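Results of the structural survey
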Amino acid sequence: MEHRKFVSFGLLGVVVLVIAATVFSLSQNLTYYLFPNEALEQKADFPDGRRFRLAGLVVEGSIERDGEGLRFVVTDGAASIPVILSGTAPALFNDGVPVLIEGTWQSEVFLGDTAVIRHSENYEIPEEGGGYPES
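To start, this report covers the structure provided alongside it. (Residues numbered from 1 in each chain as written. Predicted model: local features only at pLDDT ≥ 70, side-chain atom pairs only at ≥ 80, totals over all residues. Heavy atoms only, no water.)

As for the overall build of the chain
Quick note on the threshold: Secondary structure elements are defined from DSSP: runs of H or I of at least 4 residues count as helices, runs of E of at least 2 residues count as strands, and each element is numbered from the N terminus. Here the term buried applies to any residue with accessible area under 20% of the maximum for its type, exposed to any over 50%, and partly exposed to those in between, with areas from a 1.4 Å probe on protein chains only. Contact between two residues is taken to exist if any of their heavy atoms lie within 4.5 Å; hydrogens are not considered. Only the protein chains shown count as cover for residues, with accessible areas throughout obtained via the Shrake-Rupley method and a probe of 1.4 Å.
When you go through the chain residue by residue, the secondary structure sums to two helices and seven strands. For the chain, the α and β elements follow one another from N to C terminus as α-β-α-β-β-β-β-β-β. Looking at the chain as a whole, 25% of its 135 residues are labelled buried. Long-range pairs, those at least 24 residues apart, make up 52% of the contacts in the chain between residues at least 6 apart in sequence. For the chain, the accessible area works out to roughly 9800 Å², and carbon and sulfur atoms hold 57% of it.

Okay, structure coming up:
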């Protein structure tokens, strides 16, 4: 009977260690997702170099390409943040498109290295004549 208690406590200890390691690992690898107004309000929580994701719409007419990468402005309607994207822009990247950029603050500019386009989960059937051209 004493041996079973020892084995039970040993197994319980292993389970606790696995859970603790998982929780610690997840908390260290979290990347927060903020809209521009939230990012500006919480800027002190994300000092230069601390990664997070910035989500918003690409401001019409703000896209410029230069030697540093792709420059544009992201907004949520309440605030706007200038962005420099060093990575490759997604295929559907354009003015007015919802985008999610991962990166860090550098002073007042958000430096992103990855970006994805956010899109609707709903598939809509194209209108008559709006499909693929026939070969």
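So that's the structure; there's more coming.
Examining the nonpolar core
To keep it simple, the criterion reads: Throughout, nonpolar core names a set of buried Ala, Val, Leu, Ile, Met, Phe, Trp, Tyr and Cys residues whose side chains join them through atoms within 4.5 Å.
The biggest cluster of nonpolar side chains holds 20 residues, and the ones touching the most others in it are F52, F72, V99 and I101. Looking at this core, the elements with two or more residues in it are β2 (52–58), β4 (69–75), β5 (80–85), β6 (98–106) and β7 (109–117). Those residues within four positions of I101 in sequence are excluded, and the remaining contacts are F52, R53, L54, F72, V74, V83, L85, F110, G112, T114 and A115.

Side note on the environment of A79
Note on placement: A79 falls in the loop between β4 and β5. Assessed through its relative accessible area of 14%, A79 is described here as buried. Ignoring anything within four residues of it in the chain, the contact list for A79 reads P36, N37, L40 and V74.

Let's talk about unusual backbone geometry
Of note, the phi angle at S107 is positive, near 65 degrees, even though the residue is not glycine. Summarising the element assignment, S107 is placed in the loop between β6 and β7.

A look at the pairing of β6
Our working definition: Any two strands with at least two DSSP-identified bridges between them are counted as paired.
Counted residue by residue, β6 has seven buried out of nine residues, so it is predominantly covered. Of the strand pairs in this sheet, β2 and β6 are connected by six bridges, and their pairing is antiparallel. Note on β6: the bridge partner recorded for L54 is I101. Relative to β7, β6 runs antiparallel, the two sharing eight bridges.

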